[in-house]
Number of protein chains: 2
Amino acid sequence: MAENGLRDKVLSLASMNPCVKKVEYAVRGPILTRALVLEEELKQGVKKPFTEVIKANIGDAHAMGQRPITFLRQVSALCLCPELLDEPLFPEDAKQRARRLLAACGGQSVGAYSVSSGIELIRQDVVRYIERRDRGIPANPANIYLSTGASDAVMTMLKLLVSGEGRSRTGVLIPIPQYPLYSAAIAELNAVQVNYYLDEERCWALDVGELRRALGQAHWHCQPRVLCVINPGNPTGQVQSRKCIEDVIKFAWEEQLFLMADEVYQDNVYAEGSEFHSFKKVLFELGPPYSTVVELASFHSISKGFMGECGFRGGYMEVVNMDPAVQQQLSKLTSVRLCPPVPGQVLLDVVMNPPQPGEPSYKRFSQARGLAPDMFFCLQLLEETGICVVPGSGFGQREGTYHFRMTILPPVEKLQILLKKLSQFYVKFTQEYS
Amino acid sequence: MAENGLRDKVLSLASMNPCVKKVEYAVRGPILTRALVLEEELKQGVKKPFTEVIKANIGDAHAMGQRPITFLRQVSALCLCPELLDEPLFPEDAKQRARRLLAACGGQSVGAYSVSSGIELIRQDVVRYIERRDRGIPANPANIYLSTGASDAVMTMLKLLVSGEGRSRTGVLIPIPQYPLYSAAIAELNAVQVNYYLDEERCWALDVGELRRALGQAHWHCQPRVLCVINPGNPTGQVQSRKCIEDVIKFAWEEQLFLMADEVYQDNVYAEGSEFHSFKKVLFELGPPYSTVVELASFHSISKGFMGECGFRGGYMEVVNMDPAVQQQLSKLTSVRLCPPVPGQVLLDVVMNPPQPGEPSYKRFSQARGLAPDMFFCLQLLEETGICVVPGSGFGQREGTYHFRMTILPPVEKLQILLKKLSQFYVKFTQEYS
């Protein structure tokens, strides 16, 4: 009984799970709560020094007015409502995708549960996407786990990794600043948060010396077993250099740390000279012993990138060098939640496997990504070879065809180098995007 | 290092989270794994004593060939692909639902995150559904939490409830047999499973004497704080009587247990004489002190019922008498996962708020549920009043109109009673379904 004679609640702040109490999640914390109240007050006509609340607290592209990519939504609407397949409304390539995906669903319905790791066909498409991204380094559908957004997979992976009591409790190294999912998950799972600080002076770069410092101190009060890296950085936006990623992998190998690479912003790299390298690719390029030993889980999501489809809660995790017995445990654990939402799986598939040149939706899709196909070609050419040409769209061209203009003014020796580079790039480009 | 000179994995069976190792989930366990292998072998032409694997392991209606309800899918396709709103393809009431739902989405897109408890408008529709179901007992959108299927909400609720060490660890009473989500969640959270046995001799009835026995023994090794009830039973199919529910509520009150009521099969009650009573309704009908004290969380899902939309992962939880400070903690905890999938929220809304008489889709929707509207009326009339009449569809009637036939042969006194009952039922029926 409480002092006032009333019965205490069975579930109260005093009796509840103390780990949940420790969880903090600033992205949706008191500021957002207050913002929602202010919004309501404005709606009711209360006078404020502003007329609307602008929510810049969360990476939610559609809420900010970005329009969804038509092709993604066409394919998913066709999957939800197969009677649309008989209508002339949507392009044939969208219908083909939908038929292919429906054939892979139980009872040909997105309303059926999928296997817990996600629809096999979609995991195969994820594999092809990864192999393209990583320039041919192989992936395996058995190592792909589709998820309910990346948050779900991060939480599941950490759940597997947490054990021990007192000083033997699992320590998890996370960057500061970090996306607060990590600190929240660590609190919830009663693991030990080990902070390493990003270097603001050097654009929030990750420094292995700082990792070493953090690890050294952590050994006194926990057993550090996990290293979380967010690349490109959230909230810092920093893109790690290839050299930095190599150093981190070597450090994880030396110190026997399980690597978790949050790479959900991999398609949001804009700064000149910046390039995204996946941890998986660098790990394999380093070769043995790293490539055969370092355990890695990397995460991707459909909430970021050009699509920004947050509401669908789709994503995947790829695991590398994971103990097969633990993978069985992982499968069992995910099966308790049955499966990730199938509409999110479908959308992920289209992101992994977008319209190709020659397909009816290719042009509209490429333009929706913000670039005409020839502009995209020329920009990539410049980025990768230094060759500067002019896209045909600057001059006008027949719809559905693409050109570029180049001068032949350079001296012959230079022209030979140029043509060789151009031809190599052309082969690579068409392999990558077809 | 391992004995063979190879390095041990960082994450191995020996080092992983021991709670996850204890998790068992038979619904998708080794039998299913084996079934998938057999399926693959059959596909490759291997001879077996059977030609197809029939999966009866999981309640997955669509995988078994049940067709989705057209109206549900039309509304969600319109939400995914708003360009369909301008096409004459879908009925006007589906478009109205879609417009209403899109207006409630961030940036009018289902690709935006929703608030973590789910779109406010949909929670309001859930409230109306609950109030209709519970004959007017009030509900509150602030107590509704949309979820990624019911499993997600059950797990979240248990997570809040687990605390203590050793003998003070939270004990959770669950029925045996049970749907193994409960035992799996208890193992994962390192809570203590307390079994109470359902009585097979009495069609798997729940007996409060058995609850008392289980609780008495549990006090020796844990602190029992939660009582889970599954009604209608899974896997037993048993539907609890109103009296039984009253007894369980009184028991929870006496013993200070938090009640978790898994009611996901509430729309799957078929047996003659069986009727579903929600724990919420019975709790409020019992009145104080029960109705003001007993803490209750009840769960519902779009994976069961007439819709069987498992793949969308939609559902909700309603909490009653929960400490407001704990509700804040619950909101915080769910916010770490951002939000339940919005397509599942949309589908839930249509289930909560199906087509009404007079709307263009009403007839098709009612028939898809397996009953013409007049047949449904007559059956309900018989069930609730004992009055037997004949539905108009047995005779033929103009499309979109509904009739029933009754004779006036009974003696005048009986006819007066009959007409009074009929008129009362008519008022109730039209209130309930309009």
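Details of the overall build of chain A
Stage number 1. Looking only at helices and strands, chain A features 16 helices and nine strands.
Stage number 2. Across chain A, contacts joining residues at least 24 apart in sequence account for 65% of those joining residues at least 6 apart.

Details of the relation of the copies chain B and chain A
The pair of chain copies shares a relation made of a rotation about an axis and a shift along it.
Stage number 1. Take chain B, turn it by 180 degrees, move it 0.0 Å along the axis, and it overlays chain A with an RMSD of 0.1 Å. Expressed as a symmetry operation, the mapping of one chain copy onto the other fits a two-fold axis. Relative to the rotation axis, the closest C-alpha in chain B is found at B:Ala77, a distance of 2.3 Å.
Stage number 2. When the interface residues of chain B are mapped onto chain A, 100% of them again fall at the interface, so both copies present the same face.

Regarding the sheet that holds strand β7 (residues 315-320) of chain B
Residue and element names in this part refer to chain B.
Stage number 1. With respect to topology, seven strands assemble into an open sheet ordered β1-β7-β6-β5-β4-β2-β3, the strand pairing being mixed. Looking along the sheet, the strands with just one partner apiece sit at the ends: β1 (144-147) and β3 (192-197). On average, each strand axis in the sheet is tilted by 25 degrees relative to the strand beside it, whichever way the strands run.
Stage number 2. Along the sheet face, helix α10 (residues 279-286) touches β5 (258-262), β6 (296-301) and β7 and points at about 150 degrees away from the line of β6.

Here we look at the pairing of strand β3 (residues 192-197) of chain A
Residue and element names in this part refer to chain A.
Stage number 1. Of the pairings in the sheet, the one linking strand β2 (residues 170-176) to β3 comprises six bridges and is parallel in character. Across the sheet, Val172 pairs through a bridge with Gln193, a residue of β3.
Stage number 2. Read from β2 through helix α7 (residues 181-188) to β3, the crossover connection turns out right-handed.

So, the domain arrangement of chain A
Stage number 1. Segmenting chain A into domains produces domain 1 (1-58), domain 2 (120-352) and domain 3 (371-432).
Stage number 2. Its C-alpha centre places domain 2 of chain A at a distance of 35 Å from the equivalent point of domain 3 of chain A.

Looking at the environment of B:Thr51
Residues and elements named next belong to chain B.
Stage number 1. One can find Thr51 in the loop between α2 (30-43) and α3 (70-80).
Stage number 2. Note on Thr51: 7 C-beta atoms within 10 Å, which makes it exposed.
Stage number 3. In sequence terms Thr51 and Glu39 are 12 residues apart; their C-alpha atoms lie 9.1 Å from each other.

Details of the environment of B:Gly106
Stage number 1. Its location among the elements puts B:Gly106 in the loop between α4 (92-103) and α5 (120-133).
Stage number 2. Residue class for B:Gly106 comes out buried when judged on the 24 C-beta atoms lying within 10 Å of it.
Stage number 3. The spacing of B:Gly106 and B:Asn17 is 89 residues in sequence and 38 Å in space, taken between C-alpha atoms.
Stage number 4. If sequence neighbours within four positions are ignored, B:Gly106 has contacts with A:Asp60, A:His62, A:Ala63, B:Ala112 and B:Tyr113.

Things to note about the nonpolar core
Stage number 1. Ranked by size, the top nonpolar core spans 209 residues in total, and within it A:Leu173, A:Leu259, B:Leu158, B:Leu173, B:Cys228 and B:Leu259 carry the most contacts.
Stage number 2. Among all residues touching B:Leu173, those that are not within four sequence positions of it are B:Val194, B:Tyr196, B:Leu211, B:Ala214, B:Leu215, B:Pro224, B:Val226, B:Leu227 and B:Cys228.

A closer look at the sheet that holds β2(A)
Residues and elements named next belong to chain A.
Stage number 1. Pairing within the open sheet is mixed, and its seven strands lie in the order β1-β7-β6-β5-β4-β2-β3. Two strands lie at the open edges of the sheet, namely β1 (144-147) and β3, each paired on one side alone. Between one strand axis and the next, the sheet turns by 25 degrees as a mean value, whatever way the strands run.
Stage number 2. The sheet contacts of α7 involve β2, β3 and β4 (223-230), and relative to β2 the element is tilted by about 160 degrees.

Comments concerning unusual backbone geometry
Stage number 1. The omega angle of the peptide bond from A:Asn231 to A:Pro232 is -10 degrees, so this bond is cis rather than trans.
Stage number 2. Positionally, A:Pro232 belongs in the loop between β4 and α9 (242-254).
Stage number 3. Omega for the peptide link from B:Pro288 to B:Pro289 comes to 0 degrees, which places this bond in the cis form.
Stage number 4. Following the sequence through the fold, B:Pro289 ends up in the loop between α10 and α11 (290-293).
Stage number 5. A positive phi is found at B:Gln108, a non-glycine position, where the angle reads about 55 degrees.
Stage number 6. Relative to the elements of secondary structure, B:Gln108 occurs in the loop between α4 and α5.

Side note on the pairing of strand β7 (residues 315-320) of chain A
Residues and elements named next belong to chain A.
Stage number 1. By the criterion of burial, β7 is predominantly enclosed, with six of the six residues buried.
Stage number 2. Burial along β7 is two-sided: Gly315, Met317 and Val319 and Tyr316, Glu318 and Val320, pointing in opposite directions, are all buried.
Stage number 3. With four bridges joining them, β1 and β7 adopt antiparallel strand pairing. Directly across from Tyr145, in β7, lies its bridge partner Met317.
Stage number 4. Pairing geometry for strand β6 (residues 296-301) and β7, over six bridges, is antiparallel. For Phe299, the partnering residue across the bridge sits in β7 and is Met317.

Things to note about helix α13 (residues 342-352) of chain B
Stage number 1. Among the 11 residues in α13(B), 11 count as buried, and that is most of the element.
Stage number 2. For α13(B), the set of buried residues is B:Val342, B:Pro343, B:Gly344, B:Gln345, B:Val346, B:Leu347, B:Leu348, B:Asp349, B:Val350, B:Val351 and B:Met352.
Stage number 3. On the buried face of α13(B), the contacting elements are α13 (342-352) of chain A together with α3, α4, α5, β1 and β7 of chain B.

Thoughts on the packing of helix α3 (residues 70-80) of chain A against helix α4 (residues 92-103) of chain A
All names here are of chain A.
Stage number 1. Between α3 and α4, whose axes approach to 8 Å, the crossing angle comes to 45 degrees. Put simply, α3 runs oblique to α4. Of the two possible hands of crossing, α3 and α4 adopt the one that is right-handed. In this structure, α3 uses Phe71, Gln74, Val75, Leu78 and Cys79 to contact α4, whose residues at the interface are Ala94, Lys95, Arg97, Ala98, Leu101 and Leu102.
Stage number 2. Here the contact of α3 with α4 is composed, by residue class, of eight nonpolar, one polar and two charged.

Brief notes about the interface of chain B and chain A
Stage number 1. Residue-level contacts link 78 residues of chain B with 78 residues of chain A.
Stage number 2. Residue assignment for the side of chain B that touches chain A shows that the elements contributing at least two residues are α1 (18-22), α3, α6 (149-161), α7 (181-188), α12 (324-335) and α13 of chain B.
Stage number 3. A breakdown of the residues in the side of chain B that touches chain A according to their chemical character gives 39 nonpolar, 23 polar and 16 charged.

Reading guide: rules and limits
- Residues numbered from 1 in each chain as written.
- Chains lettered and ligands numbered in written order.
- Predicted model: local features only at pLDDT ≥ 70, side-chain atom pairs only at ≥ 80, totals over all residues.
- Helix = DSSP H or I, 4+ residues; strand = E, 2+ residues; numbered from the N terminus.
- Contact = placed C-beta atoms within 7 Å.
- Least-squares fit on C-alpha atoms with pLDDT ≥ 70 in both.
- Pairing = 2+ DSSP bridges.
- Axes fitted to C-alpha atoms, helices over the stretch in contact; angles between N-to-C directions.
- Right-handed = clockwise from strand over helix to strand, strands pointing away.
- Domains from an automatic or database assignment.
- Buried ≥ 20, exposed ≤ 12 C-beta atoms within 10 Å, placed from the backbone.
- Core = buried A, V, L, I, M, F, W, Y, C linked by C-beta atoms within 7 Å.
- Parallel < 35°, antiparallel > 145°, perpendicular 65-115°, else oblique.
- Left-handed = near helix turned anticlockwise from the far one by under 90°.
- Nonpolar A, V, L, I, M, F, W, Y, C, P; charged D, E, K, R; others polar.

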